[in-house]
Amino acid sequence: MDLRLLLLIATAACAPLLPDQPDLQEPPAPQSGAPDTSATPTASVTPTEQMAFDTWRESFLDRRAGANREAWARELAGLTPDQRVVDRDRSQPEFSSSAGSYISRAMTADRIARGRDLIGASPWMRDIESQYGVPREILVAIWAQESGFGRIQGDFDVVRSLATLAWEGRRRDWAEGQLVDALRIVTEGRRDRARLLGSWAGAMGQTQFMPDNYLRLGRDHDGDGFVDIWGSDRDALASAANLLATAGWRRGQGWGAEVILPEGFDYSLAETDRAPWTTWRARGVRRSDGGEFTAAEASEEALILLPAGAYGPAFLALPNHYVIRRYNNSVSYALSVGLLGDAMMGRPSLTRAWPEEEPMSRDQRFAAQRALLALGYDPGGIDGVIGSGTRGALRRWQQARGLLADGHLTAALAERLRAEAGL
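It is not clear to me how the overall build of the protein chain should be interpreted in this structure. Could you clarify?
Counting its regular elements, the protein chain contains 18 helices and eight strands. Looking at the 423 residues of the protein chain, the share that counts as buried comes to 56%. Looking at the protein chain as shown, the accessible area adds up to about 17,800 Å², and 50% of this sits on carbon and sulfur atoms.

What's the story with the pairing of strand S7 (residues 314-317) in this structure? I'm lost.
It is a general feature of regular strands that their side chains alternate between the two faces of the sheet. Alternating residues of S7 divide into Ala314 and Leu316 and Phe315 and Ala317, and every residue in both groups is buried. Pairing geometry for strand S6 (residues 303-305) and S7, over three bridges, is antiparallel. What sits directly across from Leu303, in S7, is Ala317.

Is there a simple way to think about the pairing of strand S4 (residues 256-260) in this case?
Of all five residues in S4, four are buried; the element is thus mostly enclosed. Across four bridges, S4 lies against S7 in antiparallel orientation. Bridging across to S7, Ala257 finds its partner in Leu316. Pairing geometry for S4 and strand S5 (residues 286-287), over two bridges, is antiparallel.

How should I be thinking about the environment of Tyr333 in this particular structure?
Inspection of the secondary structure assignment puts Tyr333 in helix H15 (residues 331-344). On the accessibility criterion, Tyr333 (0% relative accessible area) is buried. In this structure, the C-alpha to C-alpha distance between Tyr333 and His321, residues 12 residues apart in sequence, is 10.0 Å. Within the structure, Tyr333 has its side chain in polar contact with the side chain of Glu146 (distance 2.6 Å).

Looking at this structure, how should I read the packing of aromatic side chains?
By convention here, two paired aromatic rings are described through the distance between centres and the angle between planes. Applying the stated criterion across every chain, the model contains 12 aromatic pairs. Geometrically, the ring pair formed by Phe53 and Trp56 is tilted, given 5.5 Å between the ring centres and 45° between the ring planes. Within this pair, Phe53 and its partner Trp56 are both found in helix H1 (residues 47-65), separated by three residues, close to a single helical turn. With respect to class, Phe53 is no different from Trp56; both count as buried. Of the aromatic side chains, those joined through ring pairs into one cluster are Phe53, Trp56, Phe60, Trp72 and Trp167. Directly above the aromatic system of Trp230 lies the positively charged group of Arg191, at a separation of 3.8 Å from the ring centroid.

Any chance you could explain the sheet that holds S4 here in plain terms?
The strands making up a sheet are joined through hydrogen bonds of the backbone, oriented either antiparallel or parallel. Sheet architecture is open: four strands sit in the order S5-S4-S7-S6, paired in antiparallel fashion. For this open sheet the edge positions go to S5 and S6, each flanked by a neighbour on one side alone.

What exactly am I supposed to notice about the packing of helix H7 (residues 136-147) against helix H11 (residues 233-246) here?
For any two helices packed against each other, one specifies the crossing angle of their axes together with the interaxial distance. The N-to-C vectors of H7 and H11 enclose an angle of 110°; their axes lie 10 Å apart at closest approach. One element, H7, and the other, H11, form an angle in the roughly perpendicular class. At the point where H7 passes H11, the crossing takes the right-handed sense. Every residue of H11 that contacts H7 at Ile138, Leu139, Val140, Ile142 and Trp143 is listed here: Asp233, Leu237, Ala240, Ala241 and Leu244.

When you look at the nonpolar core in this model, what are you seeing that I'm missing?
Burial of nonpolar side chains together is a common tendency in soluble globular proteins. If you look at the biggest cluster of nonpolar residues, it comprises 85 residues, and the most contacted ones within it are Phe60, Leu196, Leu237 and Leu244. Sequence-distant contacts of Phe60, defined by excluding residues within four places in its chain, comprise Ala65, Trp72, Leu76, Glu176, Leu179, Val180 and Leu183. Core analysis: the next-biggest nonpolar cluster, separate from the first, contains 20 residues, Tyr267, Ala275, Phe293 and Leu318 among them.

What am I meant to see in the pattern of salt bridges here?
If the charged atoms of two oppositely charged side chains come close together, the side chains can form a pair. On inspection of all chains with the given rule, the structure shows 30 salt bridges. In this structure, Arg216 and Asp212 form a salt bridge, with 3.0 Å as the shortest nitrogen-oxygen distance. A residue pair is termed a helical-turn pair when its members lie 3 or 4 positions apart in one helix, as Arg216 and Asp212 do in helix H10 (residues 211-217) at four residues. Accessibility expressed as a relative area gives 23% for Arg216, which makes it partly exposed. Look at the salt bridges and you will find they share partners, linking Asp54, Arg57, Glu58, Asp62 and Arg69 into a network.

What's the story with H15 in this structure? I'm lost.
Count 3.6 residues to each turn of an α-helix, and residues three or four apart come out pointing the same way. Counted at 1.5 Å a residue, the expected span for H15 with its 14 residues is 20 Å, and the 20 Å between its end C-alpha atoms agrees. The buried count for H15 comes to 14 of 14 residues, which makes it a mostly enclosed element. The opening residue of H15 is Ser330, an N-cap whose side-chain oxygen sits 3.3 Å from the backbone nitrogen of Ser332. Positioned one or two residues after H15, Gly346 has a phi angle of 85°, which is positive.

Looking at this structure, how should I read the side chain of Gln50?
Checked against the element boundaries, Gln50 lands in helix H1. Discounting residues that sit within four places of it in the chain, Gln50 has contacts with Val45, Leu79, Thr80 and Pro81.

Before we go on, may I ask you to explain unusual backbone geometry in this structure?
Both trends apply: most residues other than glycine have a negative phi, and most peptide bonds are in trans. Positive phi, normally seen in glycine, also occurs at Phe149, with a value near 60°. By secondary structure assignment, the location of Phe149 is in the loop between H7 and strand S2 (156-157). By relative accessible area, which is 15% here, Phe149 ends up buried. Positive phi, close to 65°, is recorded for Glu271, a residue that is not glycine. Note that Glu271 resides in the loop between S4 and helix H12 (277-282).

Can you walk me through helix H8 (residues 158-168) in this structure?
The element H8 is extensively covered by neighbouring structure, given that 11 of its 11 residues are classed as buried. Of the residues making up H8, those classed as buried are Val158, Val159, Arg160, Ser161, Leu162, Ala163, Thr164, Leu165, Ala166, Trp167 and Glu168. Between a side-chain oxygen at the N-terminus of H8 and the backbone nitrogen of Val159 the separation is 3.2 Å; the capping residue is Asp157. Looking one or two residues past H8, Gly169 carries a phi angle of roughly 100°, positive in sign.

Basis of the calculations
- Residues numbered from 1 in each chain as written.
- Predicted model: local features only at pLDDT ≥ 70, side-chain atom pairs only at ≥ 80, totals over all residues.
- Heavy atoms only, no water.
- Helix = DSSP H or I, 4+ residues; strand = E, 2+ residues; numbered from the N terminus.
- Buried < 20%, exposed > 50% of the residue type's maximum accessible area, 1.4 Å probe, protein only.
- Areas by Shrake-Rupley, 256 points an atom, 1.4 Å probe, with all protein chains shown as cover.
- Pairing = 2+ DSSP bridges.
- Polar contact = N/O pair within 3.5 Å; in protein donor to acceptor, adjacent residues only side chain to side chain.
- Phe/Tyr/Trp six-rings, centres within 6.5 Å; stacked < 30°, edge-to-face > 60°.
- Lys NZ or Arg CZ within 6 Å of the ring centre and 35° of its normal.
- Axes fitted to C-alpha atoms, helices over the stretch in contact; angles between N-to-C directions.
- Parallel < 35°, antiparallel > 145°, perpendicular 65-115°, else oblique.
- Left-handed = near helix turned anticlockwise from the far one by under 90°.
- Contact = heavy atoms within 4.5 Å.
- Core = buried A, V, L, I, M, F, W, Y, C linked by side-chain atoms within 4.5 Å.
- Salt bridge = Lys/Arg side-chain N within 4 Å of Asp/Glu carboxyl O.
- Expected span 1.5 Å × (residues − 1).

Written as structure tokens, this is what we have:
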């Protein structure tokens, strides 16, 4: 799950969706028992912290286990918190990548070619597309983004990672809920504990599902009677398709397209004014490829997105763009999936280049949010994540100063905000 702001992790594949809980079992594994964590560095966990962890564990079992207490206690016995998980959960990258940098790194020629080869060699993908209505290319793009086509799945003990996050307490309710589902996966025989591996935050398999989504949305597409999102490409992609379909994917519609904005366009409309394509076209907006949307697409309420501001590419985002963001609530992530899928389909590349942008430091992101709040423009939280709330506040500040109101924060603009607020 590379290149993500860590504070957004809880809204990735773990987004709560409609309940759909299959009754599936995992075959016995050659090995059994919990992963060996004895060699994992735990020197930074003090005896006092271990005592606090043990106290939390007993409380968790009392509150959550019920009739499962004996089985769950066996899985948690002797467990120590993983300091690596704590460190990752409490940190943010010092510098954040721009949308253009993130998307460009996703859109490599090798990745596009590999995706096309996999689609061509996998006729079963057509069955998944037919069943769930999600294009093969979108699913393969998610596969590429989440795990490098299954190559990088994470080797953390999922139960230990989630127990650590729950004990740490920053997102205790969420982490305990995921831990309950991870323990169910193991104790109900769906997957052996030693093979229940994933990212530091508990995301699992080739399509990086959280335990709750594995239970609700996992699908056995290869017909062996088990849901194996780790080893079965078919199960992993069918499960991802089921997640997107359940989240509201519009069958037969795309995610959106690059558009060209007219001279004098009111950039304050971006990300705020939902309107059908006929309205945007009447305002002078046109598709960069000269094409048109289908009747169904044209009737949808759509937004203009400016991920790099007024001087970068503009996009018209249809509802399916926001369905992709149920997988990872990031504009850059969803655009990278959509554009990567388009490239695998052979569609033209962007007509407008991404601007060269200086990376913003964590200090600049926090300072910009604090400055906006101090100046009377509430960004909706001081968290260092430049989301829609911050962009909206920035847009209002830009309008009040007679600036081009595209809501795009740059390093230079962050410094101007800091100076104006006296921070």
